[in-house]
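Inside the fold
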Amino acid sequence: MVKIDEPKNNSYKQGLVRYNEPGNLTLSVYIKHLEELKINIRYGDYIGYPESENKVRYYTVSNDGIVTSDNKHNMFGFKPHYRTITCVPAQETEFRGT
């Protein structure tokens, strides 16, 4: 499951020059699925998510969701079954994905 927060409209040092920054990406993924694909998503990794047929936006992992000992991520308080991963938008000059 993927959730993208709405964009944030900010200004530089309380000034008149404004910029609109894309929202964060939050995704929930089953641990078993990651194991089957032999993928380990870690802090600092880049994740691409398609915005349209010809544009991919890249995000940097800011919380890899490795800690799954809470009740939300456990199945009947016994075994963790999914991870919630939070990502922040990567600047286009930081990572282009080509």
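A few points on the structure. Fair warning: this is a prediction, and the values are worked out from it, not measured in the lab. Per chain, residue numbering runs from 1 following the sequence as it is written. Side-chain atom pairs in this predicted model are given and counted only at pLDDT of 80 or more, local residue features only at pLDDT of at least 70, and totals for whole chains, interfaces and linings cover all residues. Side-chain figures throughout are based on the complete set of non-hydrogen atoms in the structure, without hydrogens or water.

Quick look at the overall build of the chain
To keep it simple, the criterion reads: Helix numbers and strand numbers start at the N terminus; a helix is a DSSP run of H or I with at least 4 residues, a strand a run of E with at least 2. Burial here depends on accessible area, computed with a 1.4 Å probe over protein chains only, as a share of the maximum for the residue type. Under 20% is buried, over 50% is exposed, and the range in between is partly exposed. Between two residues, a contact is recorded if the distance between any of their heavy atoms is within 4.5 Å. To be clear on the numbers: accessible area is Shrake-Rupley with a 1.4 Å probe, and residue cover counts the displayed protein chains and nothing else.
A count of helical and extended segments in the chain gives 1 helix and 9 strands. Its helices and strands taken in sequence order, the chain reads β-β-β-β-α-β-β-β-β-β from the N to the C terminus. Within the chain, the proportion of its 98 residues that are buried is 27%. Counting contacts in the chain only where the partners sit at least 6 residues apart, residues at least 24 apart contribute 46% of the total. Counting every atom, the chain has about 7,600 Å² of accessible surface; 52% of that belongs to carbon and sulfur.

Quick word on the nonpolar core
Where a protein is soluble and globular, its nonpolar side chains tend to be buried together. Selection rule: Within this scheme, the nonpolar core is defined by two criteria: the residues are buried Ala, Val, Leu, Ile, Met, Phe, Trp, Tyr or Cys, and they are joined through side-chain atoms within 4.5 Å.
Core analysis: the biggest nonpolar cluster contains 10 residues, these being Leu25, Leu27, Val29, Leu34, Ile41, Ile47, Tyr59, Val61, Ile85 and Cys87. Among the elements that line this core, the one with the most residues is strand E4 (residues 25-30), at 3 residues. When near neighbours in sequence (up to four residues on either side) are disregarded, Val61 contacts Ile41, Arg42, Tyr43, Gly44, Asp45, Ile47, Ile85, Thr86 and Cys87.

What about the pairing of E4?
Going by this rule: We treat two strands as partners when DSSP finds at least two bridges between them.
Every second residue of E4 is oriented toward a common face, the buried set being Leu25, Leu27 and Val29 and the non-buried set Thr26, Ser28 and Tyr30. Judged from the 3 bridges that link them, strand E1 (residues 2-4) and E4 form a sheet pairing that is antiparallel. Across the sheet, residue Ile4 finds its bridge partner in E4, namely Leu25. Looking at chain direction, E4 and strand E9 (residues 82-89) are connected through 6 bridges and run antiparallel. Residue Leu25 lies in a different strand from E9, and its bridge partner there is Cys87.

A few points about the sheet that holds E9
How we decide: In this analysis, axes come from line fits to C-alpha atoms, helices being fitted only over the stretch in contact, and the angle between any two N-to-C directions falls in the range 0 to 180 degrees.
Read from one edge to the other, the open sheet built from 5 strands follows the order E1-E4-E9-E6-E5, with strand pairing classed as antiparallel. Across the chains shown, the open sheet's two edge strands, defined by having one partner strand only, are E1 and strand E5 (46-52). Direction aside, neighbouring strands of the sheet carry axes that sit 35 degrees apart on average.

Things to note about the pairing of strand E6 (residues 55-63)
As defined by bridge partners, E5 adjoins E6 across 6 bridges and the pair is classed as antiparallel. Paired with Ser52 across the two strands is Lys55, which belongs to E6. Between E5 and the antiparallel strand that follows it, E6, lie 2 residues. Bridging between E6 and E9 involves 4 bridges; their strand directions are antiparallel. Following the sheet pairing, Thr60 is matched in E9 by Val88.

Digging into the pattern of salt bridges
Formally: For salt bridges, the criterion is a side-chain nitrogen of Lys or Arg within 4 Å of an Asp or Glu carboxyl oxygen.
All told, the structure shown has 2 salt bridges when counted by the stated rule. One salt bridge connects Lys3 with Asp5, and the closest N-O pair in it is separated by 3.0 Å. A relative accessible area of 26% means that Asp5 is categorised as partly exposed. A salt bridge links Glu51 to Arg57, with the shortest nitrogen-to-oxygen separation between them at 2.6 Å.

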